[in-house]
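Understanding the architecture of this molecule
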Amino acid sequence: MNPSRFGLILIIATLLIYGLCLFLRNKIKLLPLYKNDSNSKKLQLSLSRSIEEGKPIHLDVLNRDESQLIAPSALVAINTSEQLANRFAASDEPPFVTNNSGSVHALTKDAVKMGYRQADLENEFSAASLDFAGFDSLSHQTTMLGLLEETPYAMHLNIGSGGPEIALQDMMFQNEEEIYIAGDSLLGQATGLATADDVFIGEQLYELPVITQPERKEAAPDVGLLVMDILRYGFIVALGIGALMILLV
Amino acid sequence: MDLSSKNKRLTVLAGLIGIFFLISAYSDQPAVRTARTMLIHWASLVAAVLLFIAIIDFVIARIRGIKDHTGSFIYNLISLLIFLIVFFYGFSNQAGASSVQSTVFMIQSSVESVMTGLICLVMIYGIYRVARSQRSLLKSSFLFSTIFFLVLYSGFFSFLKLPAFLSKIIDFIRILPVGGLYGLLIGIAIGALVTGIRVLFFGDHPYQGHKS
């Protein structure tokens, strides 16, 4: 069965809005909403502190499962791994990246290498800073916890489709180690609210590659996030009009 | 051909295949559908090869860990030994491959059962900790709404003889989590849509060659 025509219209409309924002980015002062989030400020502060104190950070890239090649949330995580590698390239301790899928493992390795290359420190890249840690959700968490057992990390950033098994990290890590969760799984987000230090809820997940960028890169607003803001308000207006029509008809 | 131009060509090719894949979902032409199915098969094969490489990487990392004394020695040793036992036993005993597989899955499922129990305990402790923490408004409201909706959905209010207007208010509150759920899902879907378009139309590529 073909997907609905509405989906195609939405894709074309998003593409047009994206093109328009790209074109107008330097002509009109567009205000991104994501910069005022309290949790993004907290994450940036933690990242800066990790670099200053020379403590390593851990990033977990979680793909949904092997049946889905790469989930959009995993793409966000891969982009974030590139930004973090770039940001930590010159620091004492490189970020340690784990993942749960073959395709994500290959792309993450490339993204981390790219991060080092952008910082002109490609020679600093070490294959030991990346590890594939099992693909089933629970197996992945147990394998990953075994890998991280002996090193205290400043923070653990879990991005992707993590479910309730993320709660195990709260039991394993020391109190000083901060846990951040960002994903598209509703169960994972709910678990994170009870067990993690901070949770990036819903579409906040897609802000992470921009939030984790080295500060010098933050001059221009991210077009993708601007488009997300525009679409969000478009949906709110459409839903409002729909609700009014239901009331009036 | 230099590396950057080669990468640009690969990027354009990948983008075109992606656009074809998107458009083919709206086509009823048998030839287009066949091509689409063929692409899915190829992608699955590539994913299988990448998974095999990832497993090799995992084993190499364990050997490196033992050699360089990095990470937990016990963990690295046990992981490596179990991998080798399963690998060699599985290959040497082809006739009993299904029994090897079922044994491995049995061990895995028992470990997973223990882990699920642990998750339950950790979450109870997490809720206790959130209850004690007064710093986060979001977490406190999450906790209170969890308690409130647990009581609401338990049917507790159906035993009480409430005035009609109060019942209407409770019925309205009952649908609030559904609204919240839709809000979250719409937000995630918008993000996925924009991320997909960025990747498809050459804005963002998580492999070598993008961004000069």
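Our structure's up above, just so we're on the same page.
Quick summary incoming for the structure in this document. (Residues numbered from 1 in each chain as written. Chains lettered and ligands numbered in written order. Predicted model: local features only at pLDDT ≥ 70, side-chain atom pairs only at ≥ 80, totals over all residues. Heavy atoms only, no water.)

Things to note about the overall build of chain A
Note the following rule: Labels follow the DSSP assignment, with helices taken as runs of H or I lasting at least four residues and strands as runs of E lasting at least two, numbered in each case from the N terminus. As defined in this context, the radius of gyration uses C-alpha atoms, and a globule is described by 2.2 Å times the residue total to the power 0.38. Contacts were defined at the residue level, with two residues in contact if any of their heavy atoms lie within 4.5 Å. Values of accessible area rely on a 1.4 Å probe in the Shrake-Rupley scheme; residue burial ignores everything except the protein chains shown.
Along its length, chain A carries nine helices and six strands. Against the 2.2 N^0.38 benchmark of 18 Å for 249 residues, chain A shows a C-alpha radius of gyration of 19 Å, consistent with a compact globule. Along the longest, intermediate and shortest principal axes, the C-alpha atoms of chain A span 65 × 40 × 35 Å. A fraction of 71% describes how many contacts in chain A between residues 6 or more apart in sequence connect residues 24 or more apart. On chain A, roughly 10700 Å² of surface is accessible, and the fraction owed to carbon and sulfur atoms is 60%.

Quick look at the sheet that holds strand 5 (residues 178-183) of chain A
Either a parallel or an antiparallel arrangement is found when strands of a sheet pair, and the pairing is made through backbone hydrogen bonds. Residues and elements named next belong to chain A. Applied cut-off: Two strands make a pair as long as DSSP finds a minimum of two bridges between them. For every element, the axis is a line fit to its C-alpha atoms; helices are fit only across the contacting stretch, and the angle between N-to-C directions ranges from 0 to 180 degrees.
Pairing in this open sheet of six strands is parallel, and the strands run 3-2-1-4-5-6 from one edge to the other. Every interior strand has two partners, whereas the edge strands, strand 3 (130-132) and strand 6 (198-200), have only one. The average angle at which neighbouring strand axes cross in this sheet is 15 degrees, direction not considered. Across the face of the sheet, helix 4 (residues 102-118) comes into contact with strand 1 (57-62), strand 2 (96-99) and strand 3 while running at roughly 175 degrees to strand 3.

Some points on the pairing of strand 4 (residues 155-160) of chain A
Residues in a regular strand project their side chains so that they alternate between the two faces of the sheet. Residue and element names in this part refer to chain A. Here is the rule: For each residue, the accessible area found with a 1.4 Å probe, counting protein chains only, is set against the maximum for its type, and the residue is called buried under 20%, exposed over 50%, and partly exposed in between. By definition, the crossover connecting two strands over a helix is right-handed if that path, from the first strand to the second, turns clockwise as seen with the strands pointing away from the viewer.
For strand 4, a buried count of six out of six residues is recorded, marking the element as mostly surrounded by other parts of the structure. Of the strand pairs in this sheet, strand 1 and strand 4 are connected by six bridges, and their pairing is parallel. Each residue of the ladder has a partner; that of D60, found in strand 4, is N158. For strand 4 and strand 5, the ladder comprises six bridges, and the chain directions are parallel. Counterpart to N158 in the pairing with strand 5 is I181. For the crossover from strand 4 across helix 6 (residues 167-172) to strand 5, the handedness is right-handed.

Quick look at helix 3 (residues 73-92) of chain B
What counts, and what does not: Multiplying one less than the number of residues by 1.5 Å gives the expected span of a helix. Note: the arc covers the axis-to-C-beta directions of the helix.
The end-to-end C-alpha distance of helix 3 of chain B, which contains 20 residues, comes to 28 Å, matching closely the 28 Å that a straight helix rising 1.5 Å per residue would cover. Of all the positions in helix 3 of chain B, only Y75(B), N76(B), S79(B), L80(B) and G90(B) are classed as buried. One face of helix 3 of chain B carries all of its buried residues, which in axial projection span an arc of 120 degrees. Seen from the buried face of helix 3 of chain B, the exposed residues on the opposite side, beyond 90 degrees, are I74(B), I85(B), F88(B) and S92(B). Buried residues belonging to helix 3 of chain B abut helix 5 (137-147) of chain A together with helix 2 (30-68) and helix 4 (97-132) of chain B.

What to know about the side chain of S24(B)
Convention followed: Between N or O atoms, a polar contact is any pair within 3.5 Å; within protein, one atom must be a potential hydrogen donor and the other a potential acceptor, and residues adjacent in sequence are included only when both atoms are from side chains.
Along the polypeptide, S24(B) turns up in helix 1 (residues 3-24). Polar side-chain contacts of S24(B) include one of 2.7 Å to the backbone oxygen of F21(B).

Some details on the packing of aromatic side chains
Geometry of an aromatic ring pair is reported as the spacing of the ring centres plus the angle between the planes. Residues and elements named next belong to chain B. What counts, and what does not: Aromatic rings from Phe, Tyr and Trp, with only the six-membered ring used for Trp, were paired whenever their centres fell within 6.5 Å, and each pair was classed as stacked if the ring planes differed by under 30 degrees, edge-to-face if by over 60, and tilted otherwise. Any Lys NZ or Arg CZ found within 6 Å of a ring centre and within 35 degrees of that ring's normal is scored as a charge over the ring.
A full pass over the atoms with the stated rule returns seven aromatic pairs over all chains. One aromatic cluster is present, built from ring pairs that chain together F83, F87 and F88. Of note, R36 hangs over the ring of F21, and the distance from its end group to the ring centre comes to 4.5 Å.

Considerations on the interface of chain A and chain B
Cut-off, in case you're wondering: The buried area of a pairing is the accessible area, by a 1.4 Å probe, that goes missing from both parts when the two are put together, added over both. For this document, the term salt bridge refers to a Lys or Arg side-chain nitrogen within 4 Å of an Asp or Glu carboxyl oxygen.
On the side of chain B, 59 residues touch chain A, which itself brings 74 residues to the contact. Buried area between chain A and chain B, summed over both chains or domains, comes out near 5700 Å², and the portion from carbon and sulfur atoms is 69%. Summed over the shared surface of chain A and chain B, the number is three salt bridges. At the boundary of chain A with chain B, the tally comes to 10 residue pairs in polar contact (both at pLDDT 80 or more). Residue assignment for the side of chain A that touches chain B shows that the elements contributing at least two residues are helix 1 (5-24), helix 3 (72-88), helix 4, strand 3, helix 5, helix 6, helix 7 (186-195) and helix 9 (223-248) of chain A.

Notes on the side chain of N39(A)
Residue and element names in this part refer to chain A. Assignment of secondary structure puts N39 in helix 2 (residues 38-53). Within the structure, the side chain of N39 is placed 3.2 Å from the side chain of Q204, a separation counted as a polar contact. The residues touching N39, leaving out its near neighbours within four places in the chain, are D198, V199, F200 and Q204.

What about the nonpolar core?
As a reminder of what qualifies: Nonpolar core, defined: a set of buried Ala, Val, Leu, Ile, Met, Phe, Trp, Tyr and Cys residues in which side-chain atoms within 4.5 Å join the residues together.
Grouped together as the largest cluster of nonpolar side chains are 48 residues, with contacts concentrated most on L43(A), L157(A) and I159(A). For this core, the leading source of residues is helix 3 of chain A, giving seven residues. If near-sequence neighbours (up to four positions away) are discounted, L43(A) is found in contact with M155(A), L157(A), Y180(A), F200(A), L208(A), I211(A) and T212(A). Core analysis: the second largest hydrophobic core is formed by 26 residues, L138(A), I166(A), L193(A) and A54(B) among them.

As for helix 7 (residues 176-200) of chain B
The first and last C-alpha atoms of helix 7 of chain B sit 36 Å apart over 25 residues, in line with the 36 Å expected at 1.5 Å per residue. Among all positions in helix 7 of chain B, only G187(B), I188(B), I190(B), G191(B), L193(B), V194(B), T195(B), I197(B), R198(B) and L200(B) are buried.

Observations concerning the packing of helix 7 of chain A against helix 5 (residues 137-153) of chain B
The line we're drawing: Comment on the angle field: the value is read as roughly parallel under 35 degrees, roughly antiparallel over 145, roughly perpendicular from 65 to 115, and oblique elsewhere. Two helices crossing with the near one rotated counterclockwise from the far one by less than a right angle form a left-handed crossing, whereas a clockwise rotation gives a right-handed crossing. Throughout, the ten residues Ala, Val, Leu, Ile, Met, Phe, Trp, Tyr, Cys and Pro are labelled nonpolar, Asp, Glu, Lys and Arg are labelled charged, and all others, Gly among them, are labelled polar.
Following both chains from N to C, one finds helix 7 of chain A and helix 5 of chain B inclined at 115 degrees, their axes separated by 9 Å at the closest point. When the axes of helix 7 of chain A and helix 5 of chain B are compared, the pair comes out roughly perpendicular. The handedness of the crossing between helix 7 of chain A and helix 5 of chain B is left-handed. Along the contact surface, helix 7 of chain A presents A190(A), L193(A) and A194(A), while helix 5 of chain B presents L138(B), K139(B) and F142(B). Split by residue class, the contact of helix 7 of chain A with helix 5 of chain B holds five nonpolar, no polar and one charged.

Concerning the pairing of strand 1 of chain A
Residues and elements named next belong to chain A. For strand 1, the buried fraction is high: six of the six residues fall into the buried class. Residues of strand 1 alternate between two faces, with I57, L59 and V61 on one and H58, D60 and L62 on the opposite face, all of them buried. Sheet analysis places strand 1 next to strand 2, joined by four bridges and oriented parallel. Residue V61 lies in a different strand from strand 2, and its bridge partner there is N99.

Worth remembering: the numbers are spatial, not functional.
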